[in-house]
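For reference, the chains in residue letters:
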Amino acid sequence: MGKTAQYLDREYVLKGGIVRHLSTFRYTNAGFWTVSGMHGDDEDSLTKCSGSELFSSTSLGARVVGLFQVTLNSNVFYFAMANGNVVSVSGSTVTTLLSGEAAGYYQAVTLNSIFYFASGVNANKKILSNLSVQNVGIAAPTVAPVAASGTPGPLTGDYSWKYTFKNSVTGVESNPSPVGNTITLGAVYAALSSLDNSSDTQVNRKVIYRTTNGGDGLWFRVAEIDAALTTYIDGAADGDLAELVLEDSGVPPQSSLIELYNGMIVYAGQASPNRNRVSVSGVLRPESVDPDNDQDLSPDEDDFITGMKVFGSTIAVYKRRALFIGNGTSPDAINFTRTRVKEGSLGGRGIIEHNSSHFYLSERGPFAYSGLREDFIGRSIQHYYKTLDVSMLANASGVKYTPLNQLIWNVGVVGDPDATVWLCFNTETKEWTTRTFGSSTLSTYFDALGRTRLWLGGSNGYLYTGDVGSGDNGANIPVEIVTRGLCLSYQDKQPDTSQTYCFRHIDVMYDANGGTAPVTVDYAIDKPDANFVGVKNKATGLSSFVPATGSIARFDLAGYGRLIFLRFTTSSTEALKIRGVKLYGTALGRKG
């Protein structure tokens, strides 16, 4: 005999924030299959994502591939990269600092009030506090000096010379030229010629070095002269020479990855055949690299360096399937050790530091590295992650947005022309949500009050400030929520799917917003990819409600099955907060 049907009800509070118990994308006694356009808040509710407004009314003309707030000599600048240009943005004024760059994504660091940036497809560059743009490093002269006997003077003995190029403002100096001829002098001045000129506009000085009488492998500074001079008369006494030439001032290699570590700049992401090479500058000499200190990390394997970020007192260098940890205080003392990590980062821009851990996107899914192992944090969104474009994952930018306890990456679904979705991880609740927005770069900046603001580089060339208002610069924000499978009876916090239920009513609890945009409610039985059927609002007869006033909307339905999936959709510039749902129905009996 069948059991007598009992009328049941069950309330699902859509908890959010720190105390949220309903985990997005996870099978629990509640929670969600997908949440797009909303997020959990600290009032135990689901709140529609805030909108955005223009950061500047001037378009950069193409998708934005770099955003950086930088302080140089106490002055704050907002740099952006787009359309082959590097620009400084101040309100509606956009000043082009550099043009003609090849398309690529940028990473950057700041040291000694100089902004260094790299893309891998362009020469490494720097911006000084006067907003002039220069190459990183200075190439050495390729022409050797020529020495001859001059007029009577103080030099007697065997001598040879070489010289360097220098920028007297930044102090950057090149490696020396080839050694010139050795000449025997007898109480004369030395007449130097063939001091070649540099095509690098940052070079404004030449520095001349020579041996002492007879030489012993040491080269001493003789003089610093104007860069335009191609000749020089040397009469400096050996006893007046003291400063040695530096032979470790090579130009840093063109790189896509750049990171500041212990006063050194580390360069990686180099072109083939050096895709596994790490180059390290001198301490507080960010534009000088000694190739003897280069390290190739397992260069023979079928993998390559994809990302790099400081990790505590070390530096982490990622490959797609590996992670190396480097430690040292000088370029010749850094040692790299391979860890046991098997799932590395797909790209460098998407590595986010949070609570002494790195969070990053791998080919398999999102991971967190805490120093012991990599922890897979994407099991609950694997079904969605598989739809994302791998190349967009590799180029994704990632930001830590503290006001909402979120880590955010911009990604795109296979077939999308650009990144159109944010993948958001709540660091307190460990939940995943998504947000539709066409942004090719994510960043943050501090406003005049010192608050962290979300900074968005649009695929359309505009810059936006995020988390503002309730619409995207006047456009609607789309919302879609699909709950996990709900039922009317639970055992050990799991749905009791041994029974069949008749689902009859739902109450939706919300905050009134005074708006006009309807929220559509429908449902599917047993599977979230089944056909969704509309419900009936008891007050209006529609399958929607308008949260203008009141706090509860009741709907009738007639669903038979073991689980019910509820879906809420809307698109508006209005605020929306859903506090929970209450489900009513009867149990019809158990299987068999």
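Computed from a predicted model, the values in this text were never measured in an experiment.

Another aspect to go through is the environment of Asp-248. Checked against the element boundaries, Asp-248 lands in the loop between strand 19 (232-234) and strand 20 (257-261). Here Asp-248 falls in the partly exposed class, since its relative accessible area comes to 26%. In this structure the C-alpha to C-alpha distance between Asp-248 and Gly-550, which are 302 residues apart in sequence, comes to 73 Å. Ignoring sequence-local partners within four residues, the contact set of Asp-248 consists of Asn-175, Arg-285, Ser-288, Val-289 and Asp-290. At a separation of 3.1 Å, a polar atom in the side chain of Asp-248 contacts the side chain of Arg-285.

Judged by pairing direction, the sheet is antiparallel, and its three strands sit side by side in the order 15-17-18 without closing on themselves. Each edge of the open sheet is held by one strand with a lone partner, namely strand 15 (161-166) and strand 18 (220-226). Adjacent strand axes in the sheet meet at a mean angle of 25 degrees, parallel and antiparallel pairs treated alike.

Time to look at the pattern of salt bridges. For the coordinates displayed, the defined rule picks out 21 salt bridges. Between Lys-319 and Glu-301 there is a salt bridge; the shortest N-O distance is 2.7 Å. With a gap of 18 residues between them, Lys-319 in strand 26 (residues 314-319) and Glu-301 in the loop between strand 24 (295-296) and strand 25 (305-311) connect regions that are remote in the sequence. By relative accessible area, Lys-319 is classed as buried at 0%. A salt bridge links Arg-453 to Asp-447; the nearest nitrogen and oxygen atoms lie 3.5 Å apart. A residue is classified by how much of its surface remains accessible, and Arg-453, at 17% relative accessible area, is buried. Residue classification places Asp-447 among the buried positions, given a relative accessible area of 14%. Put simply, Lys-166, Arg-205, Arg-221 and Glu-224 are held in one network by salt bridges that share partners.

Positionally, Arg-210 belongs in strand 17 (residues 205-210). Classification of Arg-210 as buried rests on a relative accessible area of 0%. Only 2.7 Å separates the side chain of Arg-210 from the side chain of Asp-234, close enough to count as a polar contact.

Below, the discussion takes up the packing of aromatic side chains. Within this structure, the stated rule accounts for 25 aromatic pairs. An angle of 40 degrees between the planes, with centres 5.1 Å apart, marks the rings of Phe-311 and Tyr-369 as tilted. In this pair, Phe-311 is assigned in strand 25 and Tyr-369 in strand 31 (residues 366-369), connecting sequence segments 58 residues apart. Considered together, Phe-311 and Tyr-369 belong to a single accessibility category, that of buried residues. For the pair Phe-425 and Trp-432, a centre-to-centre distance of 4.8 Å together with 45 degrees between the ring planes defines the contact as tilted.

Chain-level pLDDT for the protein chain is 92 on average; 94% of the residues reach the 70-or-more range. Under a pLDDT of 50 for its full length, residues 13-30 has, in the predicted model, 75 contacts with residues more than four places off or in other chains.

Before going further, it helps to examine unusual backbone geometry. Of note, the amide linkage connecting Ser-272 to Pro-273 takes the cis form, showing an omega dihedral of 10 degrees. Along the chain, the position of Pro-273 falls in the loop between strand 21 (264-268) and strand 22 (277-282). Unusually for a residue other than glycine, Ser-74 sits at a positive phi of about 70 degrees. Topologically, Ser-74 is positioned in the loop between strand 6 (64-72) and strand 7 (75-82). The residue Asn-83 is not glycine, and still its phi comes out positive at about 60 degrees. One can find Asn-83 in the loop between strand 7 and strand 8 (85-90).

Thresholds, definitions, all that
Residues numbered from 1 in each chain as written. Predicted model: local features only at pLDDT ≥ 70, side-chain atom pairs only at ≥ 80, totals over all residues. Heavy atoms only, no water. Helix = DSSP H or I, 4+ residues; strand = E, 2+ residues; numbered from the N terminus. Buried < 20%, exposed > 50% of the residue type's maximum accessible area, 1.4 Å probe, protein only. Contact = heavy atoms within 4.5 Å. Polar contact = N/O pair within 3.5 Å; in protein donor to acceptor, adjacent residues only side chain to side chain. Pairing = 2+ DSSP bridges. Axes fitted to C-alpha atoms, helices over the stretch in contact; angles between N-to-C directions. Salt bridge = Lys/Arg side-chain N within 4 Å of Asp/Glu carboxyl O. Phe/Tyr/Trp six-rings, centres within 6.5 Å; stacked < 30°, edge-to-face > 60°. pLDDT = per-residue confidence, 0-100.

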